Amino acid sequence: MEQLEQEYPDVTFVYATGTAEEQGSYGFNRYMRNLQIRDYCTVHGKALYDFADIESWYAGNQATYLYDGIQVPYLHPELYGNDAEHASYLNCEYKGMAFWNLAVQDVVITGNDHVPAATGLGEIYPNPFNQ
């Protein structure tokens, strides 16, 4: 990233955390990596879009588990599924809304007024990235 930022100094790079994962060591490792990304962005003044916990929330309730005494978010059971090739349709909708929010926030972050004209999400099947 540092090399890209040096090559393109007029571009605002937005860092992003990963999503919540399953319980256990894999989910804990993802959680720890997300903490590293957050800390890096804070220390270096980088723009951060924090997706990390989006999949752990459903209807105001967060799914978490205890790992080595640390409370770790994981994929909420209501959002789990494979009906959209790799996730549930509802999970995809939540991620789409989060991405839309990121696009709108671009106006605030950079001052650019090129917010996409779409006002809703289209069909999410078939998965265009799985062709």
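Residues numbered from 1 in each chain as written. Predicted model: local features only at pLDDT ≥ 70, side-chain atom pairs only at ≥ 80, totals over all residues. Heavy atoms only, no water.

1. Regarding the packing of aromatic side chains
Two aromatic rings, taken as a pair, are described by how far apart their centres are and by the angle between their planes. Counting across every chain of the model gives 4 aromatic pairs. Measuring from centroid to centroid gives 5.8 Å for Tyr15 and Tyr40, while their planes differ by 50°, and the two rings are tilted. With Tyr15 in strand β1 (residues 14-16) and Tyr40 in helix α2 (residues 25-44), the pair connects residues that are 25 residues apart, well separated along the chain. Its relative accessible area of 11% is what places Tyr15 among the buried residues. Summarising the aromatic geometry, the rings of Phe28 and Tyr67 are spaced 4.5 Å apart at their centres and angled 25° between planes, so their arrangement reads as stacked. One end of the pair, Phe28, is in helix α2; the other, Tyr67, is in strand β5 (residues 64-67), with 39 residues separating them in the sequence. For Phe28, a relative accessible area of 13% translates into the label buried. Under the relative-accessibility criterion, Tyr67 is labelled partly exposed at 24%. (Phe/Tyr/Trp six-rings, centres within 6.5 Å; stacked < 30°, edge-to-face > 60°. Helix = DSSP H or I, 4+ residues; strand = E, 2+ residues; numbered from the N terminus. Buried < 20%, exposed > 50% of the residue type's maximum accessible area, 1.4 Å probe, protein only.)

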